[in-house]
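Residues per chain are reported as follows:
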Amino acid sequence: MTDTTTTREQTDSPTDAAAVEWHAVDADNRWPGRWTAHTASVHAHGRTYLIRITPGDCTTYLAPGFYADVDGGYGQRWGMRTATLDEAKRRAVEDVLR
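Cut-offs used in this document
Residue indices begin from 1 for each chain and proceed along its sequence in written order. The predicted nature of this model means local features are confined to residues of pLDDT at least 70 and side-chain atom pairs, given and counted, to a pLDDT of 80 or more, with totals for whole chains, interfaces and linings taken over all residues. In computing side-chain properties, one takes all heavy atoms of the structure into account and sets aside hydrogens as well as water. Here a Phe, Tyr or Trp ring, Trp counted by its six-membered ring, pairs with any other such ring whose centre lies within 6.5 Å, and the pair is stacked when the planes are under 30 degrees apart, edge-to-face when over 60, and tilted otherwise. In this description a helix means any DSSP run of H or I spanning at least four residues, a strand means any run of E spanning at least two, and both kinds are numbered starting from the N terminus. Relative accessibility thresholds used throughout: buried, under 20% of the residue-type maximum; exposed, over 50%; partly exposed, between the two (1.4 Å probe, protein chains only). Any pair of nitrogen or oxygen atoms within 3.5 Å is treated as a polar contact; in protein, a donor-acceptor pairing is required on top of that, and neighbouring residues in sequence qualify only through side-chain atoms on both sides. In this description, contact between two residues means that some pair of their heavy atoms is separated by no more than 4.5 Å. The term salt bridge refers to a pairing of a side-chain nitrogen on Lys or Arg with a carboxyl oxygen on Asp or Glu at a separation within 4 Å.

S.K.: Looking at this structure, how should I read the packing of aromatic side chains?
M.R.: Each aromatic ring pair is described using two quantities: the centre-to-centre distance and the angle formed by the ring planes. Counted according to the given criterion, the structure contains three aromatic pairs. Plain terms: the ring middles of Trp35 and Tyr61 are 4.6 Å apart, the flat faces sit at 20° to each other, and that makes the pair stacked. One end of the pair, Trp35, is in the loop between strand S2 (20-26) and strand S3 (36-44); the other, Tyr61, is in the loop between strand S4 (47-55) and strand S5 (66-73), with 26 residues separating them in the sequence. Among the residues examined, Trp35 registers a relative accessible area of 16% and is labelled buried. Put simply, the rings of Trp31, Trp35 and Tyr61 touch in pairs and so form one group of aromatic residues.

Next comes the structure, spelled out in structure tokens:
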């Protein structure tokens, strides 16, 4: 199940040239339709960073909160735990734009 609905969020960073477009997709194809992940790609510093936010702990989805995974290319990858989806989106985009 892929949700083609998109939302656009403007960040407060002066280095952000455009709004970030978030897409809602299945978090895990082992259990279609059970959990929703949010993805976006952000272009910054001459690179494209891929952001994926999943519920829970990104493996079993049982832990409270959200997990933001950022792939910066060239072997760079980092993640963070947050309490809310909005916080995960904000922090992930802020980390990319730094």
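S.K.: Explain the side chain of Asp28 here, please?
M.R.: Turning to its location among the elements, Asp28 is positioned in the loop between S2 and S3. Among the polar contacts made by the side chain of Asp28, one reaches the side chain of Arg30 at a distance of 2.5 Å. For Asp28, the residues in contact, after removing those within four places along its chain, are Arg52 and Tyr61.

S.K.: Could you clarify how one ought to interpret the side chain of His38 in this entry?
M.R.: Locating His38 in the fold gives a position in strand S3. Note on His38: relative accessible area 15%, which makes it buried. When near neighbours in sequence (up to four residues on either side) are disregarded, His38 contacts Trp22, His23, Ala24, Ile51, Arg52, Ile53, Leu85 and Lys89.

S.K.: For this particular structure, what's the right way to read the pattern of salt bridges?
M.R.: Close approach of charged atoms lets side chains of opposite charge pair. Considering all chains together, one arrives at six salt bridges under this definition. Among the salt bridges present, the one from Arg30 reaches Asp28, with a minimum N-O distance of 2.5 Å. What makes Arg30 exposed here is its relative accessible area of 52%. Among the charged side chains, a salt-bridge network with shared partners connects Asp69, Asp71 and Arg77.

So far we have only geometry, and geometry alone does not tell us how the molecule works.
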